[in-house]
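Coordinate inspection notes
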Amino acid sequence: MPPKAKPAASGDLVNLQVEQWPVSKLRRYPGNAKVHPETQVGEISASIGEFGFISPILVDGKGEIIAGHGRLDAAEARKMKKVPVIQLGHLSEAQVKALRIADNSLGASGTSWNADLLDSELAQLRALDFDLEPLGLHHIELPDLEEPVQPPPRPNRRKTTIFLSVKNADAEKARKAV
């Protein structure tokens with residue numbers, strides 16, 4: 001029996017490595033409770049086409065999917081041979097099961113859009129002739145904007161000083177750049 005993985009303590013940083021895996025190497029979790037309708041898979045595929053495959057599939061120590069079944073469906077629809085994967089071998093069996101649920105529920109839990117800010121952002125994208133389809137907003141009634149909207153004024157914010165750590169040889173160059 002393999003040694004039990006030590007659960008990550010609250011707040012621990014984990015060294016994550018993104019690897020390119022052949023699609024055929026991934027194992028679907030047969031108990032995956034999240035349903036991915038064709039429309040969502042199409043949206044994920046459009047997003048991958050526009051932005052690249054920027055959200056890796058998460059797998060356990062045996063290569064079974066924890067999170068990313070919909071991304072795998074989209075990759076297969078795009079006939080991709082390899083996909084980015086992060087292996088989370090440090091998680092316990094209970095953590096893997098819990099993460100499968102949490103990954104799908106946390107993003108939608110109790111969130112909403114600020115309608116004014118969303119309208120402004122979408123208007124700016126339209127003004128830039130950006131196709132809104134890859135954004136996956138089909139379930140939101142989008143405003144019918146005929147003319148670009150100016151972005152709202154930024155709220156007053158405190159000035160923040162940023163300190164950079166640089167090697168002595170680069171310190172003068174860094175001071176001039178800031």
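Above this note sits the structure.
Digging into unusual backbone geometry
Residue K79 is not a glycine yet carries a positive backbone phi of 60°. Mapped onto the fold, K79 is located in the loop between helix 2 (69-77) and strand 4 (82-87). Given the relative accessible area of 67%, K79 is considered exposed.

Some thoughts on the pattern of salt bridges
Within the structure shown, the criterion is met by four salt bridges. The closest approach of N and O atoms between D73 and R28, which form a salt bridge, is 2.7 Å. In this pair, D73 is assigned in helix 2 and R28 in the loop between strand 1 (18-22) and helix 1 (38-51), connecting sequence segments 45 residues apart. When its relative accessible area of 22% is taken as the criterion, D73 is described as partly exposed. On the basis of relative accessibility, which here comes to 36%, the residue R28 falls in the partly exposed class. As a salt-bridge pair, R100 and E64 come within 3.3 Å of each other at their nearest N and O atoms.

Observations regarding the packing of helix 1 against helix 2
Between two packed helices, both the angle of their axes relative to each other and the distance between the axes serve to describe the pair. Running from amino to carboxyl end, helix 1 crosses helix 2 at an angle of 70°, the nearest separation of the two axes being 8 Å. The angle between helix 1 and helix 2 falls in the class roughly perpendicular. Across from V41, I44, S45 and I48 in helix 1, the residues of helix 2 making contact are G70, R71, D73 and A74. A breakdown of the residues in the contact of helix 1 with helix 2 according to their chemical character gives four nonpolar, two polar and two charged.

About the criteria used
Residues numbered from 1 in each chain as written. Predicted model: local features only at pLDDT ≥ 70, side-chain atom pairs only at ≥ 80, totals over all residues. Heavy atoms only, no water. Helix = DSSP H or I, 4+ residues; strand = E, 2+ residues; numbered from the N terminus. Buried < 20%, exposed > 50% of the residue type's maximum accessible area, 1.4 Å probe, protein only. Salt bridge = Lys/Arg side-chain N within 4 Å of Asp/Glu carboxyl O. Axes fitted to C-alpha atoms, helices over the stretch in contact; angles between N-to-C directions. Parallel < 35°, antiparallel > 145°, perpendicular 65-115°, else oblique. Contact = heavy atoms within 4.5 Å. Nonpolar A, V, L, I, M, F, W, Y, C, P; charged D, E, K, R; others polar.

Keep in mind that these numbers describe shape and distance, not what the molecule does.
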